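Chain residues, written in single-letter form:
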Amino acid sequence: MIRVIVCDDQDIVREGLMTILSTDREISVDGTAADGRELIQLLEEAQEAGKPLPDVILLDLKMPVMNGILAAKHIHRNYPGIKILVLTTYSTDEWIFDAVKAGASGYLLKDTPKHELFDAVKGTAKGSSYVDPSIAGKVLQMITGDITLPENSGENFHLSHRERTILLYIARGYSNQEIADKLFLSPGTVRNYTSSIFSRLSVTDRTQAAIAALRYRLIRLEDI
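Residues numbered from 1 in each chain as written. Predicted model: local features only at pLDDT ≥ 70, side-chain atom pairs only at ≥ 80, totals over all residues. Heavy atoms only, no water.

(A) Just the pairing of strand 2 (residues 27-33), in detail. Inspection of the sheet shows strand 1 (residues 2-7) paired to strand 2 by six bridges, in the parallel sense. From the neighbouring strand, Val4 faces strand 2, where its bridge partner is Val29. Viewed along the sheet, the connection from strand 1 through helix 1 (residues 11-21) into strand 2 turns out right-handed. (Pairing = 2+ DSSP bridges. Helix = DSSP H or I, 4+ residues; strand = E, 2+ residues; numbered from the N terminus. Right-handed = clockwise from strand over helix to strand, strands pointing away.)

Spelled out as structure tokens, the structure:
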């Protein structure tokens, strides 16, 4: 069961997402919050009571009291095991780039269809970096220049053809299981390849790997 908390300052959004998510047998909505401070309080109370922490937080960005960027930074620093899936209304929202740098694992539009919402939550819980497919390339392109990566060039990484193929699927937001299905490999083999790719690129997560792939021209933006 994937434990989820929904954090949004609009009552109708919180209630709507809670209702939709509750229809999936693999997802449990463990709470809601109206702002970042209330969210952090929920996490602190759960930790003090010895209750399970959420696997995924659906986090709005523009909220009163404490916005989503500040909340994401606090959660990423103090609860690194929790995945953050950002919620926003507009595909052009410039705050998403700050959210990714603050530790968010993905970017989800509030009008995302139900089946994609389920896929995004489940994929994020498993370690995928979900970015709404309609704007994935644009988001990666815009954040590429804002994240510090080691100075290097693509020729110096010596990635195999298989590693470059897996890196492309990572940039497209595929999970290890989905990559395994595409390439007829076992999930364990894909995990090993992914670890090797992270090591070669000197990155720690899938979002940074995708950004590095574009920065160093290991993949082309139009291929994502």
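(B) Molecular detail of the side chain of Asn176. With respect to the helices, strands and loops of the structure, Asn176 is situated in helix 8 (residues 176-183). Taking relative accessible area as the criterion, Asn176 reaches 18% and is therefore assigned buried. Beyond its immediate sequence surroundings of up to four residues, Asn176 is in contact with Val190, Arg191, Thr194 and Arg206. (Buried < 20%, exposed > 50% of the residue type's maximum accessible area, 1.4 Å probe, protein only. Contact = heavy atoms within 4.5 Å.)

(C) Region of the structure containing unusual backbone geometry. Positive phi, close to 70°, is recorded for Val65, a residue that is not glycine. Positionally, Val65 belongs in the loop between strand 3 (56-60) and helix 3 (68-78). Residues other than glycine seldom take positive phi values, yet Phe184 does so here, at roughly 60°. Positionally, Phe184 belongs in the loop between helix 8 and helix 9 (187-201).

(D) Looking closely at helix 9. Its 15 residues place the ends of helix 9 21 Å apart at the C-alpha level, agreeing with the 21 Å of an ideal helix rising 1.5 Å per residue. Val190, Thr194, Ile197, Phe198 and Leu201 are the residues of helix 9 that are buried. Around the axis of helix 9, the buried residues are gathered within 100° of arc, so they sit on the same side. The exposed set on the far side of helix 9, more than 90 degrees from its buried face, consists of Asn192 and Ser199. Residues of helix 9 that are buried make contact with helix 7 (161-171), helix 8 and helix 10 (206-215). Within two residues after helix 9, Ser202 carries a phi angle of roughly 60°, on the positive side. (Expected span 1.5 Å × (residues − 1). Arc of directions from axis to C-beta.)

(E) Just the pattern of salt bridges, in detail. If you walk through the whole model with that rule in mind, you get seven salt bridges. In this structure, the salt-bridge partner of Asp11 is Arg14, at a minimum N-O distance of 2.4 Å. Here Asp11 and its partner Arg14 are both found in helix 1, three residues apart, which amounts to about one turn of the helix. A relative accessible area of 45% means that Asp11 is categorised as partly exposed. Connected via shared salt-bridge partners are Asp8, Asp60 and Lys110. (Salt bridge = Lys/Arg side-chain N within 4 Å of Asp/Glu carboxyl O.)

(F) Up close: the sheet that holds strand 1. Sheet architecture is open: five strands sit in the order 2-1-3-4-5, paired in parallel fashion. Pairing within the sheet leaves two strands with one partner each, and these edge strands are strand 2 and strand 5 (106-109). Adjacent strand axes in the sheet meet at a mean angle of 25° when their direction is disregarded. In this structure, strand 1 lies alongside strand 3, joined through four bridges in parallel fashion. Along strand 3, the bridge assignment pairs Val6 with Leu58. (Axes fitted to C-alpha atoms, helices over the stretch in contact; angles between N-to-C directions.)

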